[in-house]
Amino acid sequence: MDIQNTLRDGLLTVVLPAYNEQDSVPLAADTICPLLEGEGIRHEILFVNDGSRDGTWNAIKAQTARHPQVRGVCFSRNFGKEAAIFAGLAQAKGDCVVVLDCDLQHPPEKIVEMYRLWQKGYQVVEGVKVTRGKESPLHTLAAKTFYHFISSATKIDMSRASDFKLLDRRAVDVLVAMREKNAFFRALSSWIGFETTQVEFEVQPRAAGESKWSIRSLVRYAITNLAAFSTAPLQIVTFLGVLVFLCSLVLGGWSLWQKISGQALEGFTTVILLLLLIGSILMICLGIIGYYIAKIYEEIKDRPRFIISHECGGKQDDR
Ligand code: UDP
Ligand code: MG
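Since this is a predicted model, take the numbers as computed values, not measurements.

Rules and cut-offs
- Residues numbered from 1 in each chain as written.
- Chains lettered and ligands numbered in written order.
- Predicted model: local features only at pLDDT ≥ 70, side-chain atom pairs only at ≥ 80, totals over all residues.
- Heavy atoms only, no water.
- Salt bridge = Lys/Arg side-chain N within 4 Å of Asp/Glu carboxyl O.
- Helix = DSSP H or I, 4+ residues; strand = E, 2+ residues; numbered from the N terminus.
- Buried < 20%, exposed > 50% of the residue type's maximum accessible area, 1.4 Å probe, protein only.
- Phe/Tyr/Trp six-rings, centres within 6.5 Å; stacked < 30°, edge-to-face > 60°.
- Lys NZ or Arg CZ within 6 Å of the ring centre and 35° of its normal.
- Near = heavy atom within 4 Å.
- Polar contact = N/O pair within 3.5 Å; in protein donor to acceptor, adjacent residues only side chain to side chain.
- Nonpolar A, V, L, I, M, F, W, Y, C, P; charged D, E, K, R; others polar.
- Disulfide = S-S within 2.5 Å.
- Axes fitted to C-alpha atoms, helices over the stretch in contact; angles between N-to-C directions.
- Parallel < 35°, antiparallel > 145°, perpendicular 65-115°, else oblique.
- Contact = heavy atoms within 4.5 Å.

A. Layout of the pattern of salt bridges. On inspection of all chains with the given rule, the structure shows 15 salt bridges. One salt bridge connects E21 with R206, and the closest N-O pair in it is separated by 3.1 Å. Here the residue E21 occupies a position in the loop between β1 (12–18) and α1 (24–38), and R206 occupies one in the loop between β7 (196–202) and α8 (215–229), the gap between them amounting to 185 residues. Look at R206 and you get partly exposed, because its relative accessible area is 21%. Here D101 makes a salt bridge to K81, at a shortest N to O gap of 2.8 Å. With D101 in the loop between β4 (96–99) and α4 (109–120) and K81 in helix α3 (residues 81–91), this pair connects stretches of sequence that are 20 residues apart. The network of salt bridges with shared partners includes K81, D101, D163 and R186.

B. Representation of the packing of aromatic side chains. Enumeration according to the criterion identifies seven aromatic pairs in this entry. Between F75 and F306 the ring centres are 5.3 Å apart and the planes differ by 5°, which places this aromatic pair in the stacked class. Residue F75 is located in strand β3 (residues 70–75), and its partner F306 is located in the loop between α10 (268–301) and β8 (308–313); the two are separated by 231 residues in the primary sequence. Residue F75 shares its accessibility class with F306, and that shared class is buried. Aromatic pair Y115 and W118: ring centres 5.4 Å apart, planes at 35°, arrangement tilted. Placement of the pair is Y115 and W118 together in helix α4, with a separation of three residues, close to one helical turn. Summarising the burial analysis for this pair, Y115 and W118 share the class buried. Among the aromatic side chains, those forming a connected cluster through ring pairs are F75, F79 and F306. Over the ring of F79 we find R77; its NZ or CZ atom is 3.9 Å from the centre of that ring.

C. Seen up close, the site of ligand 1. In the vicinity of ligand 1, 16 residues are found, and the nearest of them are E21, D50, D103, S211 and K212. A distance of 3.2 Å separates an oxygen atom of ligand 1 from a polar side-chain atom of N78. Residue Q105 places a side-chain N or O atom 2.7 Å away from an oxygen atom belonging to ligand 1. The residue inventory of the shell around ligand 1, partitioned by class, reads five nonpolar, four polar and seven charged.

D. Expanded view of the state of the cysteines. Evaluation of the coordinates by the stated rule reveals zero disulfides. This cysteine, C96, is not joined by any disulfide, and C33 carries the nearest cysteine sulfur, 16 Å off. Distance from the sulfur of C285, which forms no disulfide, to the nearest cysteine sulfur (C247) is 14 Å.

E. Here's a closer look at the packing of α8 against α10. Contact geometry of α8 with α10 gives a least axis separation of 11 Å together with a crossing angle of 80°. Considering the angle they form, α8 stands roughly perpendicular to α10. Taking contact as the criterion, the partners of I223, T224 and A227 in α8 are, on α10, Y291, Y292 and K295.

Fair warning: the whole summary comes from geometry, so function is off the table for now.
This is the structure:
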């Protein structure tokens, strides 16, 4: 392991994706700026406004006026948290970048701990959840099931993973260079490897506002990211095909035997059931294959992952 005795120094970029976070933005800036200043860490704060419908962009602009180290980029519409994180990574000027939620559910004081570990030579510092915070038992069960699948697909334990991470410039450059549109930050940032360590944290209650996740968006998130990281569903399709084929061999042999031995067949219900079963399995399989084809189509269109319409703070001060 290439962990140094002399501490390195460098600019830290804090990336905060924000969607309808007008009340959290000032809280985040007022917490993080004094904290890093107090610790003597050179930093810039980068808010990514993910097409918010409330006053988030105005709140970010107000912060750039108050704190010179705050910058903001604004998407032309809502592109989702993953896109906001990747935009933050692409725009970051720092020698290392930390990503955390704007609602302060990821405790900002841990940024200092992460930065100190980076100074020692670590290239990726992962925030791992000790507790999952307040959520319904159904949500916890669904999340556990999803992370079980994604962990076996990626061969990385994702059960306590979060988007709260510090990445060295090298790791950031690698991630930014990846062209896949359905990039799943939490998994990709582990998949890339590098000298990694972990910092445990407790998920805090939201500083302000509400969670943006509905059951529908969580299900979509789970399906998109499973498909982005695993072709297991396609293998299941093949497995199902083999299973049904074996069943049909047994049933076919049995039917033939009945025919040869001259027993009358009353198989109407069996035929209907088999038709329905095989029909629905075929439909599901076609759906799964279709989903992957749709994803290939999305990738080859090569549309940008996000579109930036405005920037503020830093050098260009566009209103
Ligand atoms: N977020 C985003 N775009 C979205 C949804 C969420 O940038 O489309 C941001 C949001 O502003 C917050 C972070 O992602 O900073 C986490 O979102 P949220 O708090 O709603 O999720 P939860 O903490 O409930 O998982
Ligand atoms: Mg949150």
